[in-house]
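Take a look at the letters that make up each chain.
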Amino acid sequence: MGLLDKEFSDGNIVIARAEDLMNWARLSSIWQLGFGLACCAIEMMATSASHYDFDRFGVIPRNTPRQADAIIISGTVTLKMATRIKRLYEQMPDPKYIISMGSCANCGGPYWEHGYHVLKGIDRVIPVDVYVPGCPPRPEALLEGLLKLQDKIRNESIRKKIA
Amino acid sequence: MALKTESMILNMGPQHPSTHGVLRLELEIEGELILSVKPHIGYLHRCFEKHAEAMTYPQVIPYTDRLDYLAAMGNNFGYVVAAERLMGIQVPERVEYIRVIMAELQRIASHLVAIATNGADIGALTPFLYLFRDREYILTLFEMTCGARMLYNYMWIGGLSHDIHPDFVRKTKEFINHFRPTVVELNNLLTFNKIFIERTANIGVLPVDTAINIGASGPVLRGSGLAFDVRREDPYSIYDKLEFDIPVGQGMVGTVGDCWDRYYVRVLEMEQSLRIIEQLIDSIPDGDVQSAIPKRIKPPKGTVYGRVENPRGELGYFIISDGNLNPFRVKVRAPSFVNLELMGELCKGHLVADVIAILGSLDIVLGEIDR
Amino acid sequence: MKNPEEIYELLKKEFNETIFGLDKDTPVENIISVDPMNIHKIGAFLKDNEELKFDSLMVLSGVDDANGTKVKDEDGTEVITGGTLSVYYHLHSTVLKHKITIKTSAPRENPEVESVYDVWRTSDWHEREAFDMFGIIFKNHPDLTRILMPYDWDAGYPLRKDYKNPEFYQGMKVPY
């Protein structure tokens, strides 16, 4: 946890670095943009439903990019959609995080060769923080991806977002 | 003097809270009233038909999984039925039995998502959590059989990729016992819920002749009162030996062919699927599931249109073979593609909030619309 | 319920020279070929005739027959000139329970086919798709625009056999 294993000196005073505190707050309430693209979106829905319960990591779908911290690119990105995703990304406030979920979003997946209308990797349009492989990834894999993102946020500095 | 007014254009999507994927609806509205709806699709156009031309016949099957990703078994089924008809392959009884059981389980899983998202879209989030719990049960059965949760590549031309797990029969029976009470629970929770009925009854009424002319199929057509089911109409596999009813919309709480009817047809269909599984599960014949798979899949020159009843309606594959290892052309008749054409017809004269109820009741999957 | 031969005879009696023939060689389906510029009339007859009643169009598919002369371009890709593009109509009657496939071919350089939009509304989007993928022009279609590809796509019709993918679209690299 980083923060809570620090010493409690007096009553309910916690001593921590401001950086840690902010990172802790940030990583435990990653609000994702409620947004699904393709097959992976169904696994994303399954992850947030009862069996896997995304909520316990503080992940809540928000329906507007202006209130979202993270966006999970869940599925194949086509050329027609890529420009829209770019705009959604630009509308999100900083700091913002991207999880690229599934092979299609990572690199084009099974559509890499003959997909005349498929963008071969979302990282050609927006920067990605965590790649989750799989077609589609299991919910556990997505949870692992989220934990990796949390690790990344935990080590961030206030001055500069680690790219 | 009358005040000059003009209609307003409102965009819904392509990024939209309702969980049906990347669809953009262009609504022309006057206040809250909808004058016209124009769907814009293609945001998930993954070039399936181009891929099919570049792959050999068995290699196409994983791509069919990704068409209607909520009903991947059904997609496999349609493709192999068409390809087997083209090649004149007879598959063993055991394979047919397992295929039908899988397709019916998939129908339940798919309808669960349809019902859950239909409810969630218009504000009932609780059934969503309940139904996804039961869907996980079916996915476990599939995972046990072929190792994948969603996209299976399970049915091959002439056979299956894996035989069923020794525990499969027992677990499926367990599932049936577990699921029967869930349907009752669902009816109490959502189907006869006053608010849900208010939101869906008498909304988006589809007359049966319009439905046929536009080419609607599946629960959308049956909700309008026509008992048309490809499983009965044009039997494939062993459906002609099975007993099941075709539920149709009856206007129980509103007009025949409204959103509630389409919804309720799905609920009744799940029970029929359970009935089909029960008829088969105890009598799966022995045999080898891979014995009929040809060594070299090279169909003769010709064309075939094979169709099956997918959860969303009539799924057809039109395959042209020029005698090579690759199909010359594969065209998919996607049920959602045709059903979505109804949007403009159904939404006219309704309010903005009803658009989501209507869209939910059509139960579209963008993967097969855009292909 | 009628078999393809009977349907063919009926059509031949009504339309004579605009019906080209019945292809019985294919192993699974019998296909009636017709004239592309009379398909609307033929469609209306198929739908309204008391003995046929084809009230449902299951699927309309465009096909690139690739039967023209193939020439290798300087960069190694193939260019096809001449030959035909075809449209297949799979019809079904929900009342009389019979099926038939109609085929019509138009020259590749000027692929014009009559629209059957006001006979079967199913064909609305299917015709738009065939236009989008093959460039087949459906005359009298109310809104013949691209449907799956972006509206500003100018690199041609992707499902033609000699289609070449562009290097860039709106600044995004397209090939892998």
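These numbers come from a predicted model, not from an experiment.

Visitor: Would you take a moment to explain the overall build of chain C for this structure?
Guide: Within chain C, the secondary structure is distributed over three helices and eleven strands. Seen in sequence order, chain C has helices and strands lined up from the N terminus as α-β-β-α-β-β-β-β-β-β-α-β-β-β. Projecting the C-alpha coordinates of chain C onto the three principal axes gives extents of approximately 55 × 30 × 25 Å. Within the span of chain C, comprising 176 residues, buried residues form 54% of the whole. Put simply, 55% of the contacts in chain C that link residues at least 6 apart link residues at least 24 apart. As displayed, chain C offers around 7,600 Å² of accessible surface, 48% of which is attributable to carbon and sulfur atoms.

Visitor: Please clarify how the overall build of chain A should be interpreted in this entry.
Guide: Each helix and strand counted, chain A has five helices and five strands in total. Sequence-ordered secondary structure for chain A, helices as α and strands as β, is α-β-α-β-β-α-β-α-β-α. At 17 Å, chain A has a C-alpha radius of gyration in line with the 15 Å of a compact globule built from 163 residues. Once the C-alpha set of chain A is aligned to its principal axes, its extents read approximately 65 × 35 × 25 Å. The long-range share in chain A, meaning contacts at least 24 apart out of those at least 6 apart in sequence, stands at 75%. Of the roughly 7,300 Å² that chain A leaves accessible, carbon and sulfur atoms contribute 54%.

Visitor: Looking at this model, I keep getting lost on the sheet that holds strand E6 (residues 302-310) of chain B. Mind explaining?
Guide: For sheets, the rule is that strands pair by backbone hydrogen bonds, running either parallel or antiparallel. Residues and elements named next belong to chain B. Taken in spatial order, the three strands make up an open sheet running E6-E7-E8, and their pairing is antiparallel. Two strands bound the open sheet, and with one partner strand each, they are E6 and strand E8 (329-333). Sheet twist, expressed as the mean angle between neighbouring strand axes with direction ignored, is 15 degrees. Note: strand E7 (residues 313-321) against E8, five bridges, orientation antiparallel. Its bridge partner being in E8, Ile-319 is matched across the sheet by Val-330.

Visitor: Would you mind going over the packing of helix H4 (residues 93-121) of chain B against helix H5 (residues 126-146) of chain B with me for this structure?
Guide: When two helices pack together, you describe them by how their axes are tilted relative to each other and by the distance separating the axes. Residue and element names in this part refer to chain B. For the pair H4 and H5, the least separation of the axes is 9 Å and the interaxial angle reads 155 degrees. The pairing of H4 with H5 is recorded here as roughly antiparallel in orientation. With respect to the hand of their crossing, H4 and H5 are arranged in left-handed fashion. Mapping the contact onto sequence places Met-102, Leu-105, Gln-106, Ile-108, Ala-109, Leu-112, Val-113, Ile-115, Ala-116 and Ala-120 in H4 and Phe-128, Leu-131, Phe-132, Asp-134, Arg-135, Ile-138, Leu-141, Phe-142 and Thr-145 in H5. Of the residues belonging to the contact of H4 with H5, the class tally is 15 nonpolar, two polar and two charged.

Visitor: Would you mind going over the interface of chain C and chain B with me for this structure?
Guide: Put simply, an interface is often sized by how much accessible area is lost when its parts join up. If you look at the interface, chain C gives 43 residues, while chain B gives 40 residues. The largest contributions to the chain C side of the interface with chain B come from C:Arg121, C:Trp125 and C:Leu148, which together make up 21% of the buried area. Among the salt bridges present, the one from C:Glu129 reaches B:Arg371, with a minimum N-O distance of 3.0 Å. There are 16 residue pairs in polar contact (both at pLDDT 80 or more) connecting chain C and chain B. The element that contributes the greatest number of residues to the side of chain C that touches chain B is strand E3 (residues 56-64) of chain C, accounting for eight residues.

Visitor: How should I be thinking about the nonpolar core in this particular structure?
Guide: Here is a general trend for soluble globular proteins: nonpolar side chains tend to be buried in one another's company. Within the largest apolar cluster, 205 residues are counted, with the highest numbers of intra-cluster contacts made by A:Ile73, B:Tyr69, B:Tyr154, C:Leu11, C:Ile32 and C:Tyr89. Of the residues forming this core, the biggest block, 14 residues, is contributed by H4(B). Those residues in contact with C:Tyr89 that lie beyond four places of it in its chain are C:Ile39, C:Leu57, C:Val59, C:Leu60, C:Ile100, C:Thr101, C:Ile102, C:Thr104, C:Val113, C:Glu114, C:Val116 and C:Phe138.

Analysis parameters
- Residues numbered from 1 in each chain as written.
- Chains lettered and ligands numbered in written order.
- Predicted model: local features only at pLDDT ≥ 70, side-chain atom pairs only at ≥ 80, totals over all residues.
- Heavy atoms only, no water.
- Helix = DSSP H or I, 4+ residues; strand = E, 2+ residues; numbered from the N terminus.
- Buried < 20%, exposed > 50% of the residue type's maximum accessible area, 1.4 Å probe, protein only.
- Contact = heavy atoms within 4.5 Å.
- Areas by Shrake-Rupley, 256 points an atom, 1.4 Å probe, with all protein chains shown as cover.
- Rg over C-alpha atoms; globule rule 2.2 N^0.38 Å.
- Pairing = 2+ DSSP bridges.
- Axes fitted to C-alpha atoms, helices over the stretch in contact; angles between N-to-C directions.
- Parallel < 35°, antiparallel > 145°, perpendicular 65-115°, else oblique.
- Left-handed = near helix turned anticlockwise from the far one by under 90°.
- Nonpolar A, V, L, I, M, F, W, Y, C, P; charged D, E, K, R; others polar.
- Buried area = accessible area lost by both parts, 1.4 Å probe.
- Salt bridge = Lys/Arg side-chain N within 4 Å of Asp/Glu carboxyl O.
- Polar contact = N/O pair within 3.5 Å; in protein donor to acceptor, adjacent residues only side chain to side chain.
- Core = buried A, V, L, I, M, F, W, Y, C linked by side-chain atoms within 4.5 Å.

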